[in-house]
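What the coordinates show
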Amino acid sequence: MKKNGVGMCLVLHPTGRKGGGDPSQAIIQLKPDGSLFLKVGAVDLGQGALTMLRQVAAEAMDVDIATVYASNRSDDLAPLSAGSAASRVTLVDPHAVVEAAKDLRAKIAAFAAHRLEIDAGNVELADGKAFAKDNPHHHMTFADIGMIANLGEGVILVGTGAWQPSPVQGHDPETGYLDQESVISFGCCVAEVSVDTGTGEVEVTKLVQVWEVGKAINPLMVKQQINGGLQIGMGLALRENLFPHYPDPTHGIEALADYPMPTFMDYPPELIHGIQEVPHPMGVKGAKGFSEGSATAPVPAIISAIHDAVGVWIHEVPATPEVVLRALDAKEHGGATDYWSHQDRSAWLA
Amino acid sequence: MTHILSFQLNGAPVQALVKPSDSLLDVLREKLDVTSPKRGCDSGDCGACTVLLDGTAVRACLTCALTVEGKQVVTVEGLSREGELQPLQEAFMAHGGSQCGFCTSGMLVSATALLAKNPHPQRQEIAQEMSGNLCRCGCYEEITQAILDTARKGE
Ligand code: FES
Ligand code: FES
């Protein structure tokens, strides 16, 4: 028999590290053709860190994003970043990029003032050009400046920037409020499942996930992270397992085929994502990180939907058909509605 | 023992010196320097190495290189026409059908084969046909939308 259920999960996901020592650095260099080369330490695993930082750099320098190149390919060449972890990159790295852009703008302005023979205070940078405030026609493009500086005068125009959040003292015991530096992203996930009581199989029929991200610098990539997190979360909740667990010497799997991550066939037929924006004072443009949270939120949502459907709380993931059947069995025979399988797992394998 | 293998790659004749044990993926990546088919697993599980062999999607890692003698092989590079992206590729970009990109060339090739066979697939048919291509970043929804969109516009 198939039984349907609905479950929900709310997530408070801290973004950035709170103990201090969470730095990021950035370097932006003006190339001879007027393009900008941005070096950052944040690793892009496909989540889009480089695209997002290029967007920030392009806006801070007021140039077309197509003229901003970025690299983080090598630790030898990249400036420092405390890493693509703790959902920190979107919160921390843009500050370093903005600082580097400020530095480079000042250097370009000084160089242009000299060439345009005007006061440094009279130089304005906008739209990839440096011009006199009182006479915008009197201008040089970044391409002119890049060419003359690098090849004509033999100088390098490069801006550097670094930033890190200040350490957080924890919450105020009087009010319970956290410091402003304790940046939290908020998420909500609702899952609808259909549980087959005969086979123990759980099918996710609908999933809704909404995240409050401060400001979505790149909404398409935020959507991808929400929907991608859902896939990881579904895998964690229902299928993916490295049993026997570390440090068992036989831990691990031999082939991808033995590691049943979700495929197109497992994706819920109905999938809804939502992005809420409440700009956070600590973020550049109000942006916060959130992505890791989107991978965890579906797990409790799916597990509580299973409870709603068949009345058992499963305390171990993945809730494979075997685990679900054993939980149903325990309920039927002993009346227990809570199921902790891992304690007796070795017993069933024996 | 090595053999000279000749086939058409993205419309142009190519030759490579291959061993009988080489897979098509070995030849493409190591001999011909075409690295768009990815070696995700080398055992037929992930679909990242998918190429078209005489119009049919196959896993290059499971295809014995010598069996493609004289045949047409198309990788993702061969999908665009005269440097112009095809509607499916544009739709992948518009819907965000790629994050890290590791699965993307395989996805595009599989989806091209799917649309050639079935120009107006239902959601369920897409899931079925594409289920041999894994995406760890979780772009299944975006890719499904891109395929549906391409099919709609192709009408
Ligand atoms: S590399 Fe061929 S299917 Fe994975
Ligand atoms: S985009 Fe990363 S695996 Fe598909």
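Before reading on, note that the structure itself is shown above.
Quick look at the structure, then.

The rules behind the values
- Residues numbered from 1 in each chain as written.
- Chains lettered and ligands numbered in written order.
- Predicted model: local features only at pLDDT ≥ 70, side-chain atom pairs only at ≥ 80, totals over all residues.
- Heavy atoms only, no water.
- Helix = DSSP H or I, 4+ residues; strand = E, 2+ residues; numbered from the N terminus.
- Rg over C-alpha atoms; globule rule 2.2 N^0.38 Å.
- Buried < 20%, exposed > 50% of the residue type's maximum accessible area, 1.4 Å probe, protein only.
- Contact = heavy atoms within 4.5 Å.
- Areas by Shrake-Rupley, 256 points an atom, 1.4 Å probe, with all protein chains shown as cover.
- Lys, Arg positive; Asp, Glu negative; His and termini not counted.
- Charge placed at Lys NZ, Arg CZ, Asp CG, Glu CD.
- Salt bridge = Lys/Arg side-chain N within 4 Å of Asp/Glu carboxyl O.
- Pairing = 2+ DSSP bridges.
- Right-handed = clockwise from strand over helix to strand, strands pointing away.
- Core = buried A, V, L, I, M, F, W, Y, C linked by side-chain atoms within 4.5 Å.
- Polar contact = N/O pair within 3.5 Å; in protein donor to acceptor, adjacent residues only side chain to side chain.

So, on to the overall build of chain A. Helix and strand content of chain A: eight helices and 13 strands. On C-alpha atoms alone, chain A measures out to a radius of gyration of 26 Å, which is more than a quarter above the 20 Å that the 2.2 N^0.38 rule sets for 350 residues. With the principal axes as the frame, chain A shows a C-alpha extent of 90 × 50 × 35 Å. Taking all 350 residues of chain A together, 47% fall into the buried category. The contacts in chain A between residues at least 6 apart in sequence include a share of 72% that link residues at least 24 apart. About 16,500 Å² of surface is accessible on chain A, with carbon and sulfur atoms providing 55% of the total. Averaging the positions of the 24 positive and the 42 negative side-chain charges in chain A gives two centres separated by 4 Å.

Let us look at the pattern of salt bridges. By the definition in use, this model includes 22 salt bridges over all chains. One salt bridge in this structure joins Lys129(A) and Asp127(A), with 3.9 Å as the shortest N-O distance. A relative accessible area of 28% means that Lys129(A) is categorised as partly exposed. The residue Arg152(B) makes a salt bridge to Asp149(B) at a minimum N-O spacing of 3.3 Å. Highlighted residues: Arg152(B) and Asp149(B), both in helix H5 (residues 140-153), separated by three residues, approximately one helical turn. A relative accessible area of 49% places Arg152(B) in the partly exposed class. The exposure class assigned to Asp149(B) is buried, which follows from its relative accessible area of 13%. Several salt bridges share partner residues, and in doing so they unite Arg17(A), Asp22(A), Arg88(A) and Asp93(A) into one network.

Attention now goes to the pairing of strand S4 (residues 68-71) of chain A. Residue and element names in this part refer to chain A. Sheet analysis places strand S3 (residues 36-40) next to S4, joined by four bridges and oriented parallel. Of the residues in S4, the one forming a bridge with Phe37 is Tyr69. Each parallel crossover has a hand, and for S3 linked through helix H1 (residues 49-61) to S4 it is right-handed.

This brings us to the nonpolar core. Leu207(A), Ile302(A), Ile306(A), Met107(B), Met130(B) and Ile147(B) are the most contacted members of the largest nonpolar core, which totals 70 residues. Setting aside residues up to four positions removed in sequence, Ile147(B) forms contacts with Leu88(B), Ala111(B), Leu114(B), Leu115(B), Pro121(B), Ile126(B) and Met130(B). By size, the runner-up hydrophobic cluster in this structure holds 44 residues, among which are Ala101(A), Phe111(A), Ala112(A) and Ala132(A).

Our focus in this paragraph is the side chain of Glu212(A). All names here are of chain A. Looking at where Glu212 falls in the secondary structure, it is placed in strand S10 (residues 202-212). For Glu212, a relative accessible area of 11% corresponds to the buried category. Only 2.8 Å separates the side chain of Glu212 from the backbone nitrogen of Gly214, close enough to count as a polar contact. Reaching out from Glu212, the side chain makes a polar contact with the backbone nitrogen of Val278 at a distance of 3.1 Å. Each residue touching Glu212, except ones within four places of it in the same chain, is listed here: Ser185, Phe186, Gln276, Glu277, Val278 and Lys288.

Interpretation in functional terms is not warranted from these geometric data alone.
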